[in-house]
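# Descriptive analysis of the structure
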Amino acid sequence: MKIFTTKQIKECDEFTILNDQISSIRLMERAAQSCVSWITENCKNHNKFAVFCGKGNNGGDGLAIARLLYLKGFDVDVFINGSKPEFSDDAQVNFERLEGISGVSIKKFNEVEQNNLGSNTIIIDALFGTGLSKELEEEYKELVDQLNGIDLVKISIDIPSGLFADTVSNDNSTIFKADYTLSFQFWKRSFLHPETGYFTGKVEILDIELSEDYISAADTGYFVIDEKLIKRTFRPRQDFAHKGTYGKITMIAGSFGKIGAAVLSTRSALRAGAGLTFTLAPGCGYEILQSSCPEAMFIKGGDQHIDHFEKDDDSVYGVGPGLGTHPETQKSLLQFLKTYSKPLVLDADALNIIAENKKNLKLFPKGSVITPHPKEFERLFGATENSFERLELARNKAQEFQIYIVLKDHHTQVITPEGKVYYNVTGNSGLAKGGSGDILTGVLASLLAQGYSEKEAALFGVWLHGKAADLAAEKHSKESMLPNDVVNEFGNVFERVNRRVAIKL
């Protein structure tokens, strides 16, 4: 799914109105109807709504939603700024429609305190949409602060009021804090970054049938990894295949006290489908690896730490989990990278070793996939003020070194050597545990070995990793799920993808 800027979203609306022979007021009605359909399906335990409407088209959406909810049998109060604000043209039409309904109370913002909203009330924020270009004015700041202090379920329409769609907000900005955001047609970039995504709650993307011609033709460098992309990427297992069909992988991982990382990455590579899996690890991990991962073959790379790397041009390498930073390990890794030119996966201590000297950055083989978390990224490429700036720096570095950067975060970003960005929306905070990155390394290397391109492996790998984590959280909770629980869900994810691909065929 493409991510568009505020300007492009406006252009898409205008293109749809012009080319699909639909009026702007009818498009607003369609958007309102999509919200009401979601609300009636998901808010069955609530019978009252307090809808706060601004003067623009977002307010017009709110006015239409209020009318439609009332016609569905809900109790609705509408709050506006003054007796008769200067609404936009379409908002004015919906205000006049609402005025004709005696059962809907229309009140002023300053009357909120006088109204007992009640514990069964849902607050709907339709104050400002994606067109907001400046901080909220004082009267709206006061209202939003007041609403944020009320302990009720809150829903924002299209975007939480006060939030910008394309950029980071100031630290002291006043922004509506939603439990749910019902957004029209597209993800907004601000939904996907930690500083701003905090305000959206759970995001639901509602299809309001904007022009497919515009969407397919418009250019963007930002995307969301969705199931359509995964269906196009996934390659079902062939009936007449053999283990050689699905490649050879070598995980270079582990050191004394960190053999668990080698186990997790190896087990993950196996579960992700590699044909042959080897683990190059220190001898101190031999018994652990052979007993916990009997399907993988062991290569001794030292005693307590890895002190030499064996090169096999037929194998795909995943390097870094639990590797440690012993001087002999550092020397061996850097020497290996000087003589190895094929794409590989680098994570954890492999990245920390490279980060010791900026000259080492030139050792990344072109097409390689690196998987830094924010701190590892900072060690490699430098500090930034926020996640938006970090992403732009990652785009520059991916292009400079011709590598794929999997920038781990709540919504992990995959950055290509062309500077394109793909946000992943699977996964959850249960992955905020040691070992989660190790299993991602195993997945990515395994997919590369199976013949997926570097881009395909990165996109499919982060999606698979996150989707399995979502299934694990359903069974064990975010608090109690373990990386091994995630690995154990890979089979269920593959089964679902296979089923959907079969249906498509």
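What you see is a predicted model; the values in this text were computed from it and never measured.

Here the focus is the domain arrangement of the chain. Segmenting the chain into domains produces domain 1 (6-220) and domain 2 (231-235 + 244-501). Taken residue by residue, the interface counts 12 residues in domain 1 and 9 residues in domain 2. A buried area of about 960 Å², summed over both sides, lies between domain 1 and domain 2, and 64% of it is on carbon and sulfur atoms. The largest contributions to the domain 1 side of the interface with domain 2 come from Arg189, Leu192 and His193, which together make up 53% of the buried area. Where domain 1 touches domain 2, the interface holds 1 salt bridge. For the salt bridge of Glu392 with Arg189, the shortest nitrogen-to-oxygen distance reads 3.8 Å.

Moving on to the environment of Ser105. By the secondary structure assignment, Ser105 is in strand S3 (residues 105-108). When residues no more than four places from it in sequence are discounted, the contact partners of Ser105 are Val76, Asp77 and Val78.

Let us look at a negative patch on the surface. Among the surface-exposed residues, Asp20, Asp207, Glu209, Glu212 and Asp213 lie close enough to one another that they form a single negatively charged patch. Within the secondary structure layout, Asp213 lies in helix H7 (residues 212-217).

Before going further, it helps to spend a moment on helix H15 (residues 436-449). One full turn of an α-helix is made of 3.6 residues, so residues set three or four places apart face in the same direction. With 14 residues, H15 ought to run about 20 Å at 1.5 Å a step, and its terminal C-alpha atoms sit 21 Å apart, in line with that. Buried residues dominate H15, accounting for 14 of its 14 residues. Two residues or fewer after H15 comes Gly451, characterised by a positive phi angle close to 100°.

A word on unusual backbone geometry. Its identity is not glycine, yet Ala348 carries a phi of approximately 50°, on the positive side. We classify Ala348 as buried; its relative accessible area is 14%. One non-glycine residue with positive phi stands out, namely Gln402, at about 55°. Residue placement: Gln402 occurs in the loop between helix H14 (387-401) and strand S15 (404-407).

Turning our eyes to something else, we now look at the UniProt feature "binding site: AMP" (unreviewed entry) in the chain. The positions that UniProt labels "binding site: AMP" (unreviewed entry) are, in the present scheme, Lys408, Asp409, His410, His411, Thr412 and Gly437. Over a stretch of 30 residues, the named residues converge on one spot in the fold, their C-alpha atoms separated by at most 13.9 Å. Positionally, His410 belongs in the loop between S15 and strand S16 (413-415). In this structure His410 touches Thr426 and Asn428, once residues within four positions along its chain are discounted. Its location among the elements puts Gly437 in helix H15. In contact with Gly437, other than residues within four places in its own chain, are Asp347 and Lys408.

Our focus in this paragraph is the sheet that holds strand S13 (residues 345-346). Spatially, the 10 strands line up as an open sheet ordered S8-S17-S16-S15-S14-S13-S12-S9-S10-S11, and their pairing is mixed. Edge positions in the sheet fall to strand S8 (222-225) and strand S11 (297-300), since each has one partner strand and no second. Looking at chain direction, S16 and strand S17 (residues 421-424) are connected through 3 bridges and run antiparallel. Residue pairing for S17: Ile415 is matched across the bridge by Val421. Contacts from H15 reach strand S9 (248-252), strand S12 (315-319), S13, strand S14 (369-370) and S15, with the element oriented near 155° to S9.

Turning our eyes to something else, we now look at helix H9 (residues 259-271). Between its first and last C-alpha, H9 extends 18 Å over 13 residues, near the 18 Å set by a 1.5 Å rise per residue. Regarding H9, the residues found buried are Ile259, Ala261, Ala262, Val263, Leu264, Ser265, Thr266, Ser268 and Ala269. Positioned one or two residues after H9, Gly273 has a phi angle of 110°, which is positive.

To continue, consider the pairing of strand S1 (residues 48-53). When you tally the buried positions in S1, you get 6 out of 6 residues, the bulk of the element. In terms of strand pairing, S1 meets strand S2 (residues 75-80) through 5 bridges, oriented parallel. Looking at S2, one finds that Val51 is bridged to Val78. Handedness of the crossover joining S1 and S2 through helix H3 (residues 57-71) is recorded here as right-handed. As paired strands, S1 and strand S4 (residues 121-126) are joined by 6 bridges and run parallel to one another. If you follow Phe49 over to S4, its bridge partner there is Ile122.

About the criteria used
- Residues numbered from 1 in each chain as written.
- Predicted model: local features only at pLDDT ≥ 70, side-chain atom pairs only at ≥ 80, totals over all residues.
- Heavy atoms only, no water.
- Domains from an automatic or database assignment.
- Contact = heavy atoms within 4.5 Å.
- Buried area = accessible area lost by both parts, 1.4 Å probe.
- Salt bridge = Lys/Arg side-chain N within 4 Å of Asp/Glu carboxyl O.
- Helix = DSSP H or I, 4+ residues; strand = E, 2+ residues; numbered from the N terminus.
- Patch = residues over 30% accessible without salt bridge, like charges linked within 9 Å, V, L, I, M, F, W, Y side chains within 5 Å.
- Areas by Shrake-Rupley, 256 points an atom, 1.4 Å probe, with all protein chains shown as cover.
- Lys, Arg positive; Asp, Glu negative; His and termini not counted.
- Charge placed at Lys NZ, Arg CZ, Asp CG, Glu CD.
- Expected span 1.5 Å × (residues − 1).
- Buried < 20%, exposed > 50% of the residue type's maximum accessible area, 1.4 Å probe, protein only.
- UniProt positions renumbered as here; feature names shortened; annotations may be inferred.
- Pairing = 2+ DSSP bridges.
- Axes fitted to C-alpha atoms, helices over the stretch in contact; angles between N-to-C directions.
- Right-handed = clockwise from strand over helix to strand, strands pointing away.

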